[in-house]
Protein chains: 2
Amino acid sequence: MSEPYPEGPEQARARAWFESLRDRICAAFEAIEEACRSPFAQGRPPGRFERTAWQRPGGGGGVMAIMRGRVFEKVGVNVSTVWGTFEPRFAAQIPGAEADPRFWASGISLVAHLWSPHVPPAHMNTRHIRTTRSWFGGGADLNPIVPDPEDTARFHARLEAACASYAPDAYARFKAWADEYFFIPHRGEPRGVGGIFYDYLEGDFERHFAFTRAVGEAFLEVYPQIVRRHMDRPWTEQERAHQLVRRGRYVEFNLLYDRGTRFGLETGGNPDAILMSLPPLVAWP
Amino acid sequence: MSEPYPEGPEQARARAWFESLRDRICAAFEAIEEACRSPFAQGRPPGRFERTAWQRPGGGGGVMAIMRGRVFEKVGVNVSTVWGTFEPRFAAQIPGAEADPRFWASGISLVAHLWSPHVPPAHMNTRHIRTTRSWFGGGADLNPIVPDPEDTARFHARLEAACASYAPDAYARFKAWADEYFFIPHRGEPRGVGGIFYDYLEGDFERHFAFTRAVGEAFLEVYPQIVRRHMDRPWTEQERAHQLVRRGRYVEFNLLYDRGTRFGLETGGNPDAILMSLPPLVAWP
């Protein structure tokens, strides 16, 4: 029980997928930086992702890819693959780790914050976790400063299409789960316009892996479209000020409620990678 | 058991003290605003506190006093007096509420964020809580952007003097408690240069109330001195940028670890009053 899990062929495929999706997303976002014609870019050059590798003391590590550009004020795409042994109090909470606390986990996590208050911030995360059981989980949601019905409809429609290939009721279930999860209880308000959230998809690796890939493909297709729709539109100081306030809600959610954030920090994850999701500038006026 | 606690004479005295301390602190901070001669005030007028009363649905309420000035970028002094019945999961965690979940609580809470990176932000909070038991708790700490040994020494010396009137070992114990409490585990760093933290002082109301007043008097005396030492000193853009980053640590602590914040939000407190502590502008670059 003291030997960590070896990375089996299924785990290797999941990890390779997360890494290749990361590469394609980074390329799509860099192309957006090139395409920007907004006078609000104020002479900033097109952004490029910078990658930083980190090691996890207990096993594994990851690569942070972060870009500070002229469309994306700060966007992070983190891939990590970690393994080791859960501390007893976590082992009790994790399916399949109650008796054998070893784990292996790999995933991609993306959060985008943009200069323009017209371009909605977005989040996407998918992961594969192995204990004595193994499953996929993830989600994606859109967090506009001022919701745009056309963006909301496009985003949900593309996720719905990804879900349709998985199960007839998947979109309804995973959308409802997102509405429940991405909610800020102390404000009594959703953190954005939703998306999907799912977890503990276990049993048929090929089927759940295909769904996880479909979610990644959906995000990669629809989010750049949404960014390009609005990125060259001017904004006012008032709109920017409102954006900074709305970003505060995102911080409140992430630090108070987000399971991944709390789990990562409490299990000794890399705080810089975990908190890469926080917005570059935030106001609580 | 369904009737809430009446406010007894001791509770009324504690509440009146918190309110009078609030009035004196607000006056001292407004005098600082008047005294400011910094060219960095950029024509801003001296700040004045604005007060907003709020009601708590379950019983009681409070008054937020907030000032956005030219020395104090944002400072909140909140007094609240609330009562009611703890939900079962909280009652189990609160001394004296296990069998009878009724409570009464009053306190003052102050957080100051300043324009100048040279003036240290500060926090002070004291409270009196009554269940079937009753006790005082509180604390104060200094959170400089760049620690100044003279400020740190003054702040601790004045709190030490307040503790000396209470018990010979009080300062050592309460300083150690602050060092333990005001610590950011995921960063592996203290959130500031410490102060004191104490809780569950019960048994001799007069003695603990006198100590709580001494802590308030100490803060009222020493913190304005520290603000005035630095408030007219110029700063650079780099120093301001570093200040915004350091404020992020304060947000991380408050939302991830602060007991009062989590307790307040989870028991249906007023989020605007509870989160008044968050800095006006913060960067995670």
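Everything numeric in this text was worked out from a predicted model, so none of it was measured. (Residues numbered from 1 in each chain as written. Chains lettered and ligands numbered in written order. Predicted model: local features only at pLDDT ≥ 70, side-chain atom pairs only at ≥ 80, totals over all residues. Heavy atoms only, no water.)

Novice: So what about the relation of the copies chain A and chain B? Which residues, and what values?
Specialist: The operation relating chain A to chain B is a screw motion whose rotation component is 180°, with 0.0 Å of axial translation and a residual RMSD of 0.0 Å. Here the symmetry operator amounts to a two-fold rotation axis. Interface overlap between copies is the fraction of interface residues in one copy that are interface residues in the other; for chain A against chain B it reaches 100%, indicating a shared surface. (Least-squares fit on C-alpha atoms with pLDDT ≥ 70 in both. Contact = heavy atoms within 4.5 Å.)

Novice: Before we move on, could you go through the sheet that holds strand 6 (residues 134-142) of chain A and cite the residues and values that matter?
Specialist: Residues and elements named next belong to chain A. Strands sit in the order 1-2-3-4-5-6-9 across an open sheet of seven strands; the sheet is antiparallel. With one partner strand each, in any of the chains shown, strand 1 (50-55) and strand 9 (195-202) form the two edges of the open sheet. If you compare each strand with its neighbour and ignore which way they point, the axes differ by 5° on average. The sheet contact formed by strand 6 and strand 9 spans six bridges and is antiparallel. Bridge pairing links Asp141 to Gly195 in strand 9. (Pairing = 2+ DSSP bridges. Helix = DSSP H or I, 4+ residues; strand = E, 2+ residues; numbered from the N terminus. Axes fitted to C-alpha atoms, helices over the stretch in contact; angles between N-to-C directions.)

Novice: So what about the environment of His230 of chain A? Which residues, and what values?
Specialist: All names here are of chain A. Along the chain, the position of His230 falls in helix 5 (residues 205-230). In the structure, His230 is positioned 113 residues away from Pro117 in sequence and 9.2 Å away in space, judged by C-alpha atoms. Setting aside its immediate chain neighbours within four residues, His230 contacts Ser116, His118, Val119, Pro120, Asp148 and Asp151.

Novice: Quick rundown of the packing of helix 3 (residues 149-164) of chain A against helix 4 (residues 170-181) of chain A? Include the residues and the values.
Specialist: Residues and elements named next belong to chain A. At a minimum axis separation of 8 Å, helix 3 and helix 4 run at an interaxial angle of 130°. In terms of orientation, helix 3 and helix 4 fall into the oblique class. Viewed along their axes, helix 3 and helix 4 form a crossing whose handedness is right-handed. Residue-level inspection shows His156, Leu159, Glu160 and Cys163 of helix 3 in contact with helix 4, the latter providing Ala170, Tyr171, Phe174 and Lys175. (Parallel < 35°, antiparallel > 145°, perpendicular 65-115°, else oblique. Left-handed = near helix turned anticlockwise from the far one by under 90°.)

Novice: Explain the sheet that holds strand 6 (residues 134-142) of chain B residue by residue, including any values.
Specialist: Residue and element names in this part refer to chain B. Overall, antiparallel pairing links the seven strands, which are arranged 1-2-3-4-5-6-9 in an open sheet. Either end of the sheet is taken by a strand with one partner, and the two such strands are strand 1 (50-55) and strand 9 (195-202). Neighbour to neighbour, the strand axes of the sheet diverge by 5° on average, direction disregarded. Most of the contacts of helix 5 (residues 205-230) go to strand 9, to which it runs at about 165°, and overall it touches strand 3 (72-85), strand 4 (102-114), strand 5 (122-130), strand 6 and strand 9.

Novice: Explain the pattern of salt bridges to me, using residue names and the numbers behind them.
Specialist: Taken as a whole and judged by the stated rule, the model has 52 salt bridges over all chains. Among the salt bridges present, the one from Arg249 of chain A reaches Glu189 of chain A, with a minimum N-O distance of 2.9 Å. Of this pair, Arg249 of chain A sits in helix 6 (residues 237-256) while Glu189 of chain A sits in strand 8 (residues 189-190), and the two are 60 residues apart along the sequence. A salt bridge links Arg158 of chain B to Glu221 of chain B, with the shortest nitrogen-to-oxygen separation between them at 3.0 Å. One end of the pair, Arg158 of chain B, is in helix 3 (residues 149-164); the other, Glu221 of chain B, is in helix 5, with 63 residues separating them in the sequence. On the accessibility criterion, Glu221 of chain B (40% relative accessible area) is partly exposed. Through salt bridges with shared partners, a single ionic network connects Glu7, Arg15 and Glu19 of chain A. (Salt bridge = Lys/Arg side-chain N within 4 Å of Asp/Glu carboxyl O. Buried < 20%, exposed > 50% of the residue type's maximum accessible area, 1.4 Å probe, protein only.)

Novice: Got a sec to walk through the interface of chain A and chain B? Specific residues and values, please.
Specialist: Of the residues lining the interface, 22 residues belong to chain A; the matching set on chain B comes to 22 residues. With both sides pooled, the region where chain A packs onto chain B buries about 2000 Å², and carbon together with sulfur makes up 64% of that total. Counting every contact that joins chain A to chain B gives two salt bridges. Residue Asp272 of chain B pairs with Arg187 of chain A through a salt bridge whose shortest N-O separation is 3.3 Å. The interface formed by chain A and chain B contains 11 residue pairs in polar contact (both at pLDDT 80 or more). Those elements that provide at least two residues to the side of chain A that touches chain B are helix 6, helix 7 (259-266), helix 8 (271-274) and strand 10 (281-283) of chain A. Among the elements that line the side of chain A that touches chain B, the one with the most residues is helix 6 of chain A, at five residues. For the side of chain A that touches chain B, a count of residues per class yields 15 nonpolar, one polar and six charged. Pairing of strand 10 of chain A with strand 10 (residues 281-283) of chain B, which is carried by three bridges, proceeds in the antiparallel orientation. When the bridges of strand 10 of chain B are listed, Leu281 of chain A appears paired with Ala283 of chain B. (Buried area = accessible area lost by both parts, 1.4 Å probe. Polar contact = N/O pair within 3.5 Å; in protein donor to acceptor, adjacent residues only side chain to side chain. Nonpolar A, V, L, I, M, F, W, Y, C, P; charged D, E, K, R; others polar.)

Novice: Describe the packing of helix 1 (residues 9-35) of chain B against helix 5 of chain B, with residues and values.
Specialist: All names here are of chain B. Here helix 1 crosses helix 5 at 5°, and the two axes come no closer than 10 Å. By the angle between their directions, the pair helix 1 and helix 5 is classed as roughly parallel. Looking at the contact of helix 1 with helix 5 residue by residue, the classes come out as 17 nonpolar, two polar and seven charged.

Novice: Lay out the confidence of the model for chain A in plain terms, naming residues and giving numbers.
Specialist: With 99% of its residues at a pLDDT of 70 or more, chain A shows a mean pLDDT of 94. Model confidence for the complex: the whole-complex pTM is 0.93, and ipTM, which rates the interface, is 0.92. (pLDDT = per-residue confidence, 0-100.)

Novice: Please give an account of the packing of aromatic side chains that cites residues and values.
Specialist: The way to describe two aromatic rings as a pair is by their centre distance and the angle between their planes. According to the stated counting rule, one finds 42 aromatic pairs over all chains in the structure shown. With 4.5 Å between their ring centres and 25° between their planes, Phe29 of chain B and Phe72 of chain B make a pair best called stacked. Taken together, the residues Phe29 of chain B in helix 1 and Phe72 of chain B in strand 3 connect sequence positions 43 residues apart. Taken together, a centroid distance of 5.3 Å and an interplanar angle of 40° make the contact between Phe205 of chain B and Phe209 of chain B tilted. Linking Phe205 of chain B with Phe209 of chain B, this pair stays in helix 5, spanning four residues, or about one helical turn. Classification of Phe209 of chain B by relative accessible area gives buried; the value is 3%. The structure contains a cluster of three or more aromatic residues connected by ring pairs, namely Trp177, Tyr181, Phe182, Phe197, Phe253 and Tyr257 of chain A. Between the NZ or CZ atom of Arg207 of chain B and the centre of the ring of Tyr166 of chain B, over which it lies, the distance is 4.2 Å. Positioned over the ring face of Phe209 of chain B is Arg213 of chain B, at 4.4 Å from the centre of the ring. (Phe/Tyr/Trp six-rings, centres within 6.5 Å; stacked < 30°, edge-to-face > 60°. Lys NZ or Arg CZ within 6 Å of the ring centre and 35° of its normal.)

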